[in-house]
Amino acid sequence: MKLLDSSEFPAFEGLLEACNSYASFTGARFDPEDFALELGRKPRVTERPLAGFAEARAEAAAAVLRYVAKKDDDDVRREYEVAYRRTVHEAALSAMVAALKELDALPEATAIKATDLTADDVRTDNLKRLAKKLKKISETRDAKTTTTTTVLAKLRAAS
């Protein structure tokens, strides 16, 4: 199974390909502590007793070192910045939707377009309007996620 897809981040293709097995053990998350020795640091205790993890980590280690050396490359930096912004946006959206669900303030359906949300909406006193916009964005995001590789898996591997 191919967990990581480099199509949106071609500057990270080699890293994502080399980290596919590793990502299957970490939920597509990259833990720098798994590569502390290669990066010249003393690792904290991060033993993962899963069968096959050590081999997957070793396979990824050389690519990690290559990409650490490329960190100042313009394409790598540009794609990293895009990935970082998407991650922050996704985290904020997910937190707001979860909070509105907990408050039972997320509407069942809405006619508002997903693109209608602006930065000023998170400062509004009108919780119902914000909730409707977040609901629509959440629905749009969920629909995209079911038909394509999730952006989050790509972002986790790229960060």
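So, how was this worked out
- Residues numbered from 1 in each chain as written.
- Predicted model: local features only at pLDDT ≥ 70, side-chain atom pairs only at ≥ 80, totals over all residues.
- Heavy atoms only, no water.
- Helix = DSSP H or I, 4+ residues; strand = E, 2+ residues; numbered from the N terminus.
- Buried < 20%, exposed > 50% of the residue type's maximum accessible area, 1.4 Å probe, protein only.
- Contact = heavy atoms within 4.5 Å.
- Areas by Shrake-Rupley, 256 points an atom, 1.4 Å probe, with all protein chains shown as cover.
- Patch = residues over 30% accessible without salt bridge, like charges linked within 9 Å, V, L, I, M, F, W, Y side chains within 5 Å.
- Salt bridge = Lys/Arg side-chain N within 4 Å of Asp/Glu carboxyl O.
- Expected span 1.5 Å × (residues − 1).
- Polar contact = N/O pair within 3.5 Å; in protein donor to acceptor, adjacent residues only side chain to side chain.
- Core = buried A, V, L, I, M, F, W, Y, C linked by side-chain atoms within 4.5 Å.
- Bend = angle between axes of the 7 residues up to and from the residue.

Quick notes on the overall build of the protein chain
Counting its regular elements, the protein chain contains six helices and zero strands. For the protein chain, the sequential pattern of α-helices and β-strands runs α-α-α-α-α-α. Counting across all 159 residues of the protein chain, residues that qualify as buried make up 31%. Looking at the protein chain alone, contacts between residues at least 24 apart form 62% of all its contacts between residues at least 6 apart. With an accessible surface of roughly 10100 Å², the protein chain has 55% of that area assigned to carbon and sulfur atoms.

Focus: a nonpolar patch on the surface
A cluster of nonpolar side chains, namely Tyr80, Tyr84 and Val88, defines an oily patch on the protein surface of about 290 Å² accessible area. Examined against the element boundaries, tyrosine 84 turns out to sit in helix H4 (residues 74-102).

Some remarks on the pattern of salt bridges
Counted according to the given criterion, the structure contains five salt bridges. With its nearest N and O atoms 3.7 Å apart, the salt bridge here joins glutamate 33 to arginine 41. As a salt-bridge pair, aspartate 75 and arginine 78 come within 2.4 Å of each other at their nearest N and O atoms. Highlighted residues: aspartate 75 and arginine 78, both in helix H4, separated by three residues, approximately one helical turn.

A look at the environment of cysteine 19
The residue cysteine 19 is located in the loop between helix H1 (13-18) and helix H2 (20-26) in this model. The class of cysteine 19 is buried, set by a relative accessible area of 6%. Along the chain, cysteine 19 and glutamate 59 lie 40 residues apart, while their C-alpha atoms are 7.2 Å from each other.

Things to note about H4
In this model, H4 (29 residues) spans 42 Å end to end at C-alpha, consistent with the 42 Å of a helix rising 1.5 Å per residue. Turning to H4, its buried residues are Val76, Glu79, Ala83, Glu90, Leu93, Val97 and Leu100. Where H4 begins, the capping side chain belongs to aspartate 73, and its oxygen is found 3.1 Å from the backbone nitrogen of aspartate 75.

Brief notes about the nonpolar core
Grouped together as the largest cluster of nonpolar side chains are 18 residues, with contacts concentrated most on Phe12, Leu15, Tyr22 and Phe35. Listing elements by their share of this core, those giving two or more residues are H1, helix H3 (53-69) and H4. The element best represented in this core is H3, accounting for seven residues. If sequence neighbours within four positions are ignored, tyrosine 22 has contacts with Arg29, Phe30, Asp31, Asp34, Phe35, Phe53, Ala56, Arg57 and Ala60.

Notes on H3
The terminal C-alpha atoms of H3 lie 24 Å apart, and with 17 residues this matches the ideal 24 Å at 1.5 Å per residue to within 8%. For H3, the principal kink sits at alanine 61 and spans about 30°. Among the residues of H3, Phe53, Ala56, Ala60, Ala61, Ala63, Val64 and Tyr67 are the ones counted as buried. Where H3 is buried, its residues meet H1, H2 and H4.

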